[in-house]
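Residue strings, one per chain:
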Amino acid sequence: MEVISRFAPSPTGLLHIGGVRTALFAWLYAKSRGGKCFLRFEDTDIKRSEQKYMDSILHDFDWLNITFDGKPFYQSQNRSNHLNAIKQLLEDGKAYYCNCSSERLEELRSKQIEEGLKPKYDNKCRSLDLDDSPDSVIRFKNPESNSIQFNDLIRGSIEISNEELDDLVLLRNDGSPTYNLSVVVDDVEMSITHIIRGDDHISNTPRQINIFKALGKQVPEYGHVPMILDESGKRLSKREGAEGTEVYKEMGILPEALLNYLARLGWSLGDEEFFTIEDLVKVFKEGRLNNSPSSFSTDKLKWYNKEYLSRMKEQEILEKLSKLSKNFSKKDEFSIKALRLIKDRCSTLNEYIDHSSYLFGDLQSYDPEECKNVFTVESIEVLKILISKLKDLNLWSEDQILKVIEQVKSEKQIGMKEIGQPFRLAITGRLNAPPLDKISIVLGRERVTGRIDKVIKEFS
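Residues numbered from 1 in each chain as written. Predicted model: local features only at pLDDT ≥ 70, side-chain atom pairs only at ≥ 80, totals over all residues. Heavy atoms only, no water.

Applying the stated criterion across every chain, the model contains 21 salt bridges. For the salt bridge of Arg340 with Glu314, the shortest nitrogen-to-oxygen distance reads 2.8 Å. Residue Arg340 is located in helix H12 (residues 333-342), and its partner Glu314 is located in helix H11 (residues 314-322); the two are separated by 26 residues in the primary sequence. (Salt bridge = Lys/Arg side-chain N within 4 Å of Asp/Glu carboxyl O. Helix = DSSP H or I, 4+ residues; strand = E, 2+ residues; numbered from the N terminus.)

Spelled out as structure tokens, the structure:
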């Protein structure tokens, strides 16, 4: 049997990082078994579903290089089949009209909660054989005995008693089908055989299995992935403000690093840490999907990203940087020098741009508080001695620059901090930067001495 899976987001917001991982697992589960994976937009919430979110989700998967099979499936376009399935259930005596008012249902719910019972419909209209009316809904006749058993691909055997379930609404009084009915009909329409989704759907699974059976359709296999927790231990979700994929792209995270990190959040194959998407397709079925939550760490993601950047050729990094900043060019020798100077300090593409900003153009300003603390009367005198010696150098080299620094330290009887801080701040505009001799070589004598001259004039 061919494995056919799907990822089915609701286009009511941006695709967050937990959704990406669920999509990745659903896609890899199918692809690693030679199967197919489809993208389905569950867009029946007309008030909240927006085209801009669908476009954003498609753009995210394009950036991530995850290609779904066929064209996207839109749940809203399958409405006629949803209604036909409800009609079939009515005709087969597996669904019924219910005219209970919202006031009655709310009173019933309040009373059950007061008595410590699980709130659920009491099946008042189940045997009344009511006809359709303007305010009626259609409910599913859920089995009243036995239990639903299924072997979860991740969690193992799960059993839920039918007594815990109620007769859920299939069609609202406004004529719109409900989620659990629509999902089942869509999965039948798409010939879905395996469903990999978040564990927040576990409560829906027994309801959907019963609808599959009532319709006389093959029940897919289910696997429920534990949710991702944030660094404070809270569940990552769209409603809780989890970051959209675009945020990580804007941070300068590489798509391959993000996918690798997300794959390792809940899946493992021995102690191996690094997998390309091609690797994952080959070995995913050999690994193990964990049944416990994983914690998302931005620092760990940046570590992965740095590792991926370190494995890339300089020209590859420059090509990416040139698309983000006009300072970098893959054909420019100075860009290569800048890249080599800062690469050990950078975990993202954005950090390359930030850490290199002082290397391009002129320094426009300095932090007032840092200047106040660093450019003192004493340090300006140190800079005056330093610049005179730098200007006299016959050879502009790392060795000669380091010798000048040692000479100034000796003459003024000061430590490295007393010369290093004003020197670094003067030529970079920051206190955290690579070694001074290496920065000076990349900047060149003219810009180094020019920046020191400017500081001396401004703060003397």
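This part covers the nonpolar core. Core analysis: the largest hydrophobic core is formed by 96 residues, its most contacted members being Phe61 and Ile452. The dominant element in this core, judged by the number of residues it contributes, is helix H1 (residues 17-31), at 10 residues. Ignoring anything within four residues of it in the chain, the contact list for Ile452 reads Leu383, Leu386, Ile387, Leu390, Phe423, Ala426 and Ile427. (Core = buried A, V, L, I, M, F, W, Y, C linked by side-chain atoms within 4.5 Å. Buried < 20%, exposed > 50% of the residue type's maximum accessible area, 1.4 Å probe, protein only. Contact = heavy atoms within 4.5 Å.)

Within this structure, the stated rule accounts for 18 aromatic pairs. Seen from their ring centres, Phe375 and Phe459 are 4.9 Å apart, and the 45° between their planes marks the pair as tilted. Residue Phe375 is located in the loop between helix H14 (368-374) and helix H15 (377-392), and its partner Phe459 is located in helix H19 (residues 445-459); the two are separated by 84 residues in the primary sequence. An aromatic cluster is present here, built from Tyr248, Tyr261, Phe274, Phe296, Trp303, Tyr304 and Tyr308 joined pairwise through their rings. (Phe/Tyr/Trp six-rings, centres within 6.5 Å; stacked < 30°, edge-to-face > 60°.)

Turning to the sheet that holds strand S4 (residues 95-98), a few remarks are in order. Reading across the sheet, the 3 strands line up as S4-S5-S8 and stay open at both edges, with antiparallel pairing between neighbours. Edge strands, defined here as strands with exactly one partner in the open sheet, are S4 and strand S8 (169-171). The average undirected angle you get between the axes of adjacent strands in this sheet is 45°. (Pairing = 2+ DSSP bridges. Axes fitted to C-alpha atoms, helices over the stretch in contact; angles between N-to-C directions.)

Right, let's get into the packing of helix H16 (residues 398-412) against helix H17 (residues 416-428). Packing of H16 against H17 brings their axes to within 9 Å, and their N-to-C directions diverge by 125°. With respect to each other, H16 and H17 are oriented oblique. Relative to H17, H16 is oriented so that their crossing is right-handed. Together, Ile405, Val408 and Lys409 of H16 and Met416, Ile419 and Phe423 of H17 make up the contact between the two elements. For the contact of H16 with H17, the class distribution of residues is 5 nonpolar, no polar and 1 charged. (Parallel < 35°, antiparallel > 145°, perpendicular 65-115°, else oblique. Left-handed = near helix turned anticlockwise from the far one by under 90°. Nonpolar A, V, L, I, M, F, W, Y, C, P; charged D, E, K, R; others polar.)

With respect to the secondary-structure elements, Lys409 resides in helix H16. If we ignore the near neighbours within four places in the chain, the residues touching Lys409 are Ile414, Gly415, Met416 and Ile419.

A few words on H19. A rise of 1.5 Å per residue sets the reference length of H19, with its 15 residues, at 21 Å; its end C-alpha atoms lie 21 Å apart and thus fit the reference within 8%. Contacts from the buried residues of H19 go to H15, H17 and helix H18 (436-443). (Expected span 1.5 Å × (residues − 1).)

A separate point is the layout of surface pockets. Taken as a whole, the second largest pocket spans an internal volume of roughly 310 Å³. Lining the second largest pocket are 13 residues, and of these Trp63, Lys320, Lys323, Leu324 and Leu349 lie nearest its centre. Of all the elements in the fold, those that place two or more residues in the lining of the second largest pocket are helix H7 (245-251) and H11. Looking at the lining of the second largest pocket, the element that brings in the most residues is H11, giving 3 residues. Here the lining of the second largest pocket is built from residues that sort into 7 nonpolar, no polar and 6 charged. (1 Å grid on protein atoms, 1.4 Å probe; cavity = no way out; pocket = protein on both sides within 12 Å on 5 of 7 lines; lining within 4 Å. Points joined across faces, edges and corners; volume = space filled by probe spheres on them.)

Let's shift gears to the environment of Lys141. Within the element layout of this structure, Lys141 appears in the loop between strand S5 (137-140) and strand S6 (147-152). Sequence separation between Lys141 and Pro368 is 227 residues, and the spatial gap between their C-alpha atoms is 72 Å. Look past the residues within four positions of Lys141 in its chain and what remains in contact with it is Gly93, Lys94, Ala95, Tyr96, Arg126 and Asp167.

Within a regular strand, the side chains alternate between the two sheet faces. Bridging between S6 and strand S7 (residues 156-161) involves 6 bridges; their strand directions are antiparallel. Each residue of the ladder has a partner; that of Phe150, found in S7, is Ile158. The antiparallel pairing of S6 with S7 creates a hairpin that spans 3 residues between the two strands.

H19 packs onto H15 with a crossing angle of 150° between their chain directions and a minimal axis gap of 10 Å. If you check the angle between H15 and H19, you find them roughly antiparallel. For the element pair H15 and H19, the recorded crossing hand is left-handed. Facing H15, whose interface residues are Ile380, Leu383, Lys384, Leu386, Ile387, Leu390 and Lys391, H19 presents Arg445, Val448, Thr449, Ile452, Asp453, Val455, Ile456 and Phe459. Here the residues of the contact of H15 with H19 are counted per class, giving 10 nonpolar, 1 polar and 4 charged.

What follows is about the environment of Leu265. With respect to the helices and strands, Leu265 occurs in the loop between helix H8 (255-264) and strand S12 (267-268). Residue classification places Leu265 among the buried positions, given a relative accessible area of 7%. Note: C-alpha distance between Leu265 and Leu289 (24 residues apart in sequence) is 9.2 Å. Among residues more than four places away in sequence, those in contact with Leu265 are Arg21, Phe25, Ile228, Ser294, Ser295 and Phe296.

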